[in-house]
Amino acid sequence: MRVQWKTEIVIVVGALVALGVTACAGGGQSMPTPKEAKAAAVELLLKTEAAVDVPWPETPEPSAEKCPGGVRFGYFVPVKTETDARSVAQTFQRLWKSEGLTVEPSQKDFGGEGGILYSATADADGAAGAAYQVNATSVVVRITSPCASGSVDDYDE
Amino acid sequence: MADLLVSYSTLDGVYNALESATKTFEGASMPADGGAFGADDVTGAFATFRTAQERSAAWLGDTSRTLGQYAHDTKSLVQDADDGLAGKAEGAG
Amino acid sequence: MTADPLAGDPAAVTKLSRALADRQDDLRTGATTVARAADDAADWEGASKDRFSATVGTIAPAAQRIIGRLDAAIDVLGTYADEVRQIQDEAERIRASQLTTAMDSALTALSLSTAKLAAAAKDATDADARQARRLQSDADDLAATASRLDAEWDALVRRRATAERAASAGLSDTEVLGVAPSYSGTLGRMSDADFLAAVAAMPPEVLAAQDPSVADRLAGMPAETVQAWWDGLGGRGTAGEHSAAQDALITALPAVIGNLNGVPYWARDQANRLSAQRAYAQASGALRDAQDKYGKAVGRAAQAAAQRELISAQERYDQLKNFSAGARTQLDLVDQVPRQMITFHDGAPPLGAFSVGDLDTADGVSFLVPGMGSSLADTTQYMRAGANVLATQQQVGADTAIVSWIGYEAPPNAASTGNLGVLGETYADRGASKLASDLVAFRAVRPDAQLNVIAHSYGSTTTALTLARNPDLGVHSFVTLGSAGIPSSVPDAAATHADHMYAAQAAEKGDIAYIGRKYSFPHRLDPADGFDGVTRIDTTGTHRVNIHGLTAGQGSGDRGYLDIGTPTLSDVAEVTQP
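Residues numbered from 1 in each chain as written. Chains lettered and ligands numbered in written order. Predicted model: local features only at pLDDT ≥ 70, side-chain atom pairs only at ≥ 80, totals over all residues.

With that out of the way, let us pick up the overall build of chain A. Of regular secondary structure, chain A possesses three helices and six strands. In chain A, buried positions account for 39% of the 157 residues. Within chain A, counting contacts between residues at least 6 apart in sequence, those at least 24 apart form 60% of the total. (Helix = DSSP H or I, 4+ residues; strand = E, 2+ residues; numbered from the N terminus. Buried ≥ 20, exposed ≤ 12 C-beta atoms within 10 Å, placed from the backbone. Contact = placed C-beta atoms within 7 Å.)

Have a look at this one:
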């Protein structure tokens, strides 16, 4: 790939520009409405909560984020509770796999009272995504809706 | 944030009152001497006094306005006590 | 210039006094309205009310003081007007007498010369001699009168000069100006300690009225001096509890106090919120004006200029709007924590830093330094990314805070602007001193807290220079995420003086970081490849980070370095907590 330095730069900038133009090139299924997207996320959240017995709080208001072509909604649910972290993590994994999500787990020993922090992210194309971080003293779940039509400007920053 | 419930109408009332105060402070003008003193040093001293007054009143106006806006912004930090347990409208800014 | 007994218009001076009295009425009305607002706020409680209460309580007393100064000025003017009127009346009388005397003298002189001739003639009689003597006596009397009138006039001039001095001194008095006379002159000559004491003693509306040189001098004070001074004004304080003197400083000089090293962060936060609010309001107005102007522009040149102005106004507006939104944007945390606007500079571009967590009390603080294309318009985005680190640390029981530090002008996004500044070191060089200032400030007030820096992309280029040039910062961990390269003047981890250095470098889509490093000039080093002393944070494996950004969120299929549930997030959280 030996070319003149200047030409390399031009190619590089060109590549970056092309990258900037994120192609949500037509075709494929249409995007869900915000209502539909939220419903999908809440459904997964409720199933997740039902699978593990901890004092879950009320379903929170979601946060809105930009996603390619629209806006998506995140539901972040923290619970401070003593729990068998490994077992909870495995339960989440099993549930999400059964929902068709590809789960990618990891863990890290922080020591201290919390012990090992079990983490995972989980996705499926066009569906709500999920993530957890669980240790002996807390359970955190984040469910993200699919990308929906609309603009993040319609919501709080 | 740790706040719970505050009446939105209270905050609106505070905001409106402070906006009104701001306008009053900013409208309070300082007269110019127009050569009435017939003496350079008195004219100069009055000019200094005038500047001090204008800047002090600007502080009054700035601070009132800022407090009013703060009351207004607090609405987005707390839930409306007048609405009871209702949270913010879905997705509303 | 001698005083002129006839100069001036006492009626106009009296009119001035009446105008000042009208002003008093306005200020009184305003103060009453504020007091009413404070009463109306009775059922508003909680932490958000504390800040309101402290400041609203200062307005009525300040208005009273200003009204008192107007009273004092009205007295001075009243006295002066009376004196000037009397002096003018007297001056007119003297002038009239002088005129009469001069006329009489001239006539008498004429008669006298005639009488003298008659008295000296051959046929002069005793009557002629007596006439001459009488006229001479008259002339002498008139001369004495003229002399006396001259003396009276001189005395009147002195009386007028005295009245002028009294008026000018009266208008310069502390009672009228709020500060001792010739204060501005003496302030400049005071020692630092005396200057600080003087500034702290001033009521806020008087401090706000001082010459800008006062603010400049304060801004230049060293952190240790400032810290000792602030603590001496009633203790370190908190947002909820602090002294009136501290509150006065915050409200009088917010632009200075908000960025003054040595001042506690709760106070910097309050001051910066005031400044940012004002800047945002001003930017909103400027945007409306620019839109107006663009709509009315006629002709290619005018339209092009108006469009440039509009773009610029929109940019600034967006930046200030998002920065202010940082106060209330929803953050995903296990425990909600205070947020502090720890710096704010209303410049071109505006710059600032917003913490999630309390910098005055957290055991460990991390500064998140962004890269290419970043501005205050990205504040909430960085705060959310930082919140992920914080939430993880909260899960493991750590007491930390994370600062979204958008305190330098980052190079523009090369992809969208074509500006290749990101490939050079100029932006990093300029940014490095700004980051240094804020890190040094933190160390000055929190010598024992843990300090970390998490730097993204070009932010790592900037941070490397900062750390290399400031060996005594005591940085615990320096973490680079998707680094755009370390300047070759910082050849290894040891050169950063950080206790530990970590680098996470993913195989990113579009390889932005790689491009930044490969084409950098002067050439930069890759901290994740062959950089001595660095611990590499794993981003590969099934859970691989694959984009340059800090977060992507689930559902997109992409992973950012700090997304919830990722191992990179756990790694970063672990090395940046006490």
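With that settled, consider the overall build of chain B. Counting its regular elements, chain B contains two helices and two strands. Expressed as a percentage of its 93 residues, the buried residues of chain B come to 41%. In chain B, of all internal contacts separated by at least 6 residues, the share reaching a separation of at least 24 is 86%.

Moving on to the sheet that holds strand β6 (residues 475-481) of chain C. Residue and element names in this part refer to chain C. The mixed open sheet is built from eight strands, whose spatial order is β1-β2-β4-β3-β5-β6-β8-β10. In this open sheet, the two strands that pair with only one neighbour each are β1 (339-345) and β10 (534-537). Going from strand to strand, the sheet's axes swing by 20° on average, the running direction of each strand aside. In the sheet, strand β8 (residues 500-504) pairs with β10 via four bridges, with the strands oriented parallel. (Pairing = 2+ DSSP bridges. Axes fitted to C-alpha atoms, helices over the stretch in contact; angles between N-to-C directions.)

Let us look at the interface of chain C and chain B. Size of an interface: often given as the accessible area lost when the parts come together. Across the contact, 54 residues belong to chain C and 52 residues belong to chain B. Residue contributions to the side of chain C that touches chain B peak at 14 residues, all from helix α1 (residues 10-40) of chain C. Per-class residue counts for the side of chain C that touches chain B are 30 nonpolar, 13 polar and 11 charged. (Nonpolar A, V, L, I, M, F, W, Y, C, P; charged D, E, K, R; others polar.)

What follows is about unusual backbone geometry. Residue and element names in this part refer to chain C. Cis rather than trans, the peptide bond between Ala348 and Pro349 has omega equal to 0°. For Pro349, the location among the structural elements is in the loop between β1 and β2 (351-356). Its identity as a non-glycine residue notwithstanding, Ser457 has a phi of 55°, on the positive side. Relative to the assigned elements, Ser457 resides in the loop between β5 (450-456) and α17 (458-469). Its 29 C-beta neighbours within 10 Å are what place Ser457 among the buried residues.

Packed helix pairs are characterised by how far apart their axes lie and by the angle those axes make with each other. All names here are of chain C. It is the contact of helix α2 (residues 47-119) with helix α3 (residues 126-172), at a shortest axis distance of 8 Å, that shows an interaxial angle of 165°. One element, α2, and the other, α3, form an angle in the roughly antiparallel class. Once α2 is placed against α3, the crossing between them reads as left-handed. (Parallel < 35°, antiparallel > 145°, perpendicular 65-115°, else oblique. Left-handed = near helix turned anticlockwise from the far one by under 90°.)

The next point concerns the sheet that holds strand β1 (residues 63-67) of chain A. Residue and element names in this part refer to chain A. On the basis of which strands lie adjacent, the open sheet formed by six strands has the order β1-β2-β6-β5-β4-β3 and antiparallel pairing. Because the sheet does not close on itself, it has two edges, and the strands there are β1 and β3 (102-109). Between one strand axis and the next, the sheet turns by 15° as a mean value, whatever way the strands run. The pairing of strand β2 (residues 70-80) with strand β6 (residues 138-144) spans seven bridges and is classified as antiparallel. Paired with Val77 across the bridge in β6 is Val141.

Residue placement: Ala391 of chain C occurs in helix α14 (residues 379-395). For the pair Ala391 of chain C and Val334 of chain C, spaced 57 residues apart in sequence, the C-alpha separation works out to 5.5 Å.

Below, the discussion takes up the nonpolar core. Within the largest apolar cluster, 213 residues are counted, with the highest numbers of intra-cluster contacts made by Ala41 of chain A, Leu18 of chain B together with Ile257 and Val403 of chain C. At 15 residues, the largest contribution of residues to this core is made by α2 of chain C. (Core = buried A, V, L, I, M, F, W, Y, C linked by C-beta atoms within 7 Å.)

Our focus in this paragraph is the packing of helix α2 (residues 40-74) of chain B against α3 of chain C. For the pair α2 of chain B and α3 of chain C, interaxial distance at closest approach is 8 Å and the crossing angle is 10°. Considering the angle they form, α2 of chain B stands roughly parallel to α3 of chain C. Once α2 of chain B is placed against α3 of chain C, the crossing between them reads as left-handed. On α3 of chain C, the residues that touch Asp41, Val42, Ala45, Phe46, Thr48 and Phe49 of chain B of α2 of chain B are Glu164, Ala167, Ser168, Leu171 and Ser172 of chain C. A per-class count over the contact of α2 of chain B with α3 of chain C returns six nonpolar, three polar and two charged.

Per-residue pLDDT for chain A averages 85, and the proportion of residues at 70 or more is 80%. Here residues 1-5 of chain A is a poorly scored stretch, pLDDT under 50, and it has one contact once near neighbours within four places are set aside; other chains count. (pLDDT = per-residue confidence, 0-100.)

What follows covers the pairing of strand β4 (residues 116-123) of chain A. All names here are of chain A. For β4, the buried fraction is high: seven of the eight residues fall into the buried class. Summarising the sheet, β3 and β4 pair through eight bridges and their orientation is antiparallel. In the strand pairing of β4, Glu104 is matched with Thr121. Linking β3 to β4, which pair antiparallel, is a turn of six residues; within it Gly111 sits at a positive phi near 70°. Sheet topology note: the β4/strand β5 (residues 129-135) ladder contains five bridges and is antiparallel. In the strand pairing of β5, Thr121 is matched with Ala131. Here β4 folds back onto β5, and the loop between the two strands holds five residues, one of which, Gly126, carries a positive phi near 70°.

Residue and element names in this part refer to chain C. Taking 1.5 Å as the rise per residue, α14 with 17 residues should run 24 Å; its terminal C-alpha atoms sit 24 Å apart, in good agreement. Burial runs high along α14: 17 of the 17 residues are buried. Downstream of α14 by one or two residues, Gly397 has phi in the positive range, about 80°. (Expected span 1.5 Å × (residues − 1).)

Looking now at the pairing of β8 of chain C. All names here are of chain C. Among the five residues of β8, four are classified as buried, and the element is accordingly described as predominantly covered. Here β6 runs beside β8; their pairing, made up of five bridges, is parallel. In the strand pairing of β8, Val479 is matched with Tyr502.

Our focus in this paragraph is the environment of Thr125 of chain C. Turning to its location among the elements, Thr125 of chain C is positioned in the loop between α2 and α3. Exposure remark for Thr125 of chain C: the 11 C-beta atoms within 10 Å place this residue in the exposed category.

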